[in-house]
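Residue-level structural notes
This is what each chain is made of:
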Amino acid sequence: MAREKTAELLTVRQVLDELGGISRRTFYRWRELRLAPACIRLPNGELRVRRDVLNDWLADRAEGAAS
């Protein structure tokens, strides 16, 4: 069960919603600048972000986070 949750793949739309509704353009700009969470490109060209990668990425950006 825990493995299933960490292996959950989120669409770009789901990631944008989780980040408070940032624009798709902002997300892709972050990707260009290598600031976005790591993505997986599927054979059809669509991007996915693993749930655990997004959670870690958010934790790393929390104010007051230990460096």
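Use the structure listed above.
Quantities reported herein were computed from a predicted structural model and do not represent experimental measurements.

Next up on the list: the overall build of the protein chain. Within the protein chain, the secondary structure is distributed over four helices and three strands. Residues classed as buried in the protein chain amount to 22% of the 67 residues present. Across the protein chain, every contact between residues at least 6 apart in sequence was considered, and the portion connecting residues at least 24 apart equals 42%. Entry remark: accessible area of the protein chain is about 5100 Å², with carbon and sulfur atoms responsible for 49%.

Okay, helix H4 (residues 51–60) next. Among the residues of H4, Arg 51, Leu 54 and Trp 57 are the ones counted as buried. On an axial view of H4, the arc spanned by its buried residues comes to 130°, and they lie on one face. Pointing more than 90 degrees away from the buried face of H4 are the exposed residues Asp 56 and Asp 60.

Counting twelve residues, the largest nonpolar core is built from Leu 10, Val 12, Val 15, Leu 16, Leu 19, Ile 22, Phe 27, Ala 36, Leu 47, Val 49, Leu 54 and Trp 57. Secondary-structure elements contributing two or more residues to this core are helix H2 (12–18), strand E3 (47–50) and H4. Per element, the largest residue contribution to this core is three residues, and it comes from H2.

Take the side chain of Arg 48 next. Within the secondary structure layout, Arg 48 lies in strand E3. Judged by relative accessible area, which is 17%, Arg 48 ranks as buried. Reaching out from Arg 48, the side chain makes a polar contact with the side chain of Glu 46 at a distance of 2.9 Å. Those residues in contact with Arg 48 that lie beyond four places of it in its chain are Leu 9, Leu 10, Thr 11, Ala 38, Cys 39, Ile 40 and Leu 42.

What counts as what
Residues numbered from 1 in each chain as written. Predicted model: local features only at pLDDT ≥ 70, side-chain atom pairs only at ≥ 80, totals over all residues. Heavy atoms only, no water. Helix = DSSP H or I, 4+ residues; strand = E, 2+ residues; numbered from the N terminus. Buried < 20%, exposed > 50% of the residue type's maximum accessible area, 1.4 Å probe, protein only. Contact = heavy atoms within 4.5 Å. Areas by Shrake-Rupley, 256 points an atom, 1.4 Å probe, with all protein chains shown as cover. Arc of directions from axis to C-beta. Core = buried A, V, L, I, M, F, W, Y, C linked by side-chain atoms within 4.5 Å. Polar contact = N/O pair within 3.5 Å; in protein donor to acceptor, adjacent residues only side chain to side chain.

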